[in-house]
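Okay, here's what each chain looks like letter by letter:
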Amino acid sequence: MAEQRTYPKHCCFFCQKLVSGNGAAKISHYRTHVRSGEAVEIGPHHPEYRGQIEFFKKS
């Protein structure tokens, strides 16, 4: 049986909800905020992209 990997919980800085700390789960959670219009994603398509996907609150 494969060992169960646990990731540190990560507190979402938009809704203060605890999300699983692995990259894919975290990014998919943050994208829900992007879709709702409260966040902006800086990814490979963005001019300010520095090699890491980041999310910022829309001001």
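Owing to the predicted nature of the structure, the values given are computational and were not obtained by experimental measurement.

**Focus: the layout of surface pockets**
In step 1: Considering only enclosed or pocket space, the largest pocket measures out at about 180 Å³ in volume.
In step 2: Looking at the largest pocket, the residues that line it are H10, F13, K26, I27, Y30, Q52, I53, E54 and F55.
In step 3: Elements with a minimum of two residues in the lining of the largest pocket: α1 (23–35) and β4 (54–57).
In step 4: A per-element tally of the lining of the largest pocket places α1 first, with three residues.

**Notes on the pattern of salt bridges**
In step 1: According to the stated counting rule, one finds two salt bridges in the structure shown.
In step 2: Among the ionic pairs, E54 bridges to R50, the shortest N-O distance being 3.6 Å.
In step 3: Taking relative accessible area as the criterion, E54 reaches 23% and is therefore assigned partly exposed.

**What to know about the packing of aromatic side chains**
In step 1: One pass over the full model with this rule turns up four aromatic pairs.
In step 2: Each ring, one from F13 and one from F14, has its centre 4.7 Å from the other, and the planes form 50 degrees; the classification is tilted.
In step 3: Under the relative-accessibility criterion, F13 is labelled partly exposed at 41%.
In step 4: Centre to centre, the rings of F14 and Y30 are 5.6 Å apart; their planes meet at 75 degrees, and the pair counts as edge-to-face. Of the two residues, F14 sits in the loop between β1 (10–11) and β2 (18–19) while Y30 sits in helix α1, which places them 16 residues apart along the sequence.
In step 5: A relative accessible area of 9% means that F14 is categorised as buried.
In step 6: The exposure class assigned to Y30 is buried, which follows from its relative accessible area of 4%.
In step 7: Site record: aromatic cluster; members linked through ring pairs are F13, F14, Y30 and F55.

**Notes on the environment of T6**
In step 1: As for its position among the elements, T6 is in the segment before β1.
In step 2: Taking relative accessible area as the criterion, T6 reaches 71% and is therefore assigned exposed.
In step 3: Separated by 15 residues in sequence, T6 and G21 place their C-alpha atoms 8.5 Å apart.

Cut-offs and rules
- Residues numbered from 1 in each chain as written.
- Predicted model: local features only at pLDDT ≥ 70, side-chain atom pairs only at ≥ 80, totals over all residues.
- Heavy atoms only, no water.
- 1 Å grid on protein atoms, 1.4 Å probe; cavity = no way out; pocket = protein on both sides within 12 Å on 5 of 7 lines; lining within 4 Å.
- Points joined across faces, edges and corners; volume = space filled by probe spheres on them.
- Helix = DSSP H or I, 4+ residues; strand = E, 2+ residues; numbered from the N terminus.
- Salt bridge = Lys/Arg side-chain N within 4 Å of Asp/Glu carboxyl O.
- Buried < 20%, exposed > 50% of the residue type's maximum accessible area, 1.4 Å probe, protein only.
- Phe/Tyr/Trp six-rings, centres within 6.5 Å; stacked < 30°, edge-to-face > 60°.

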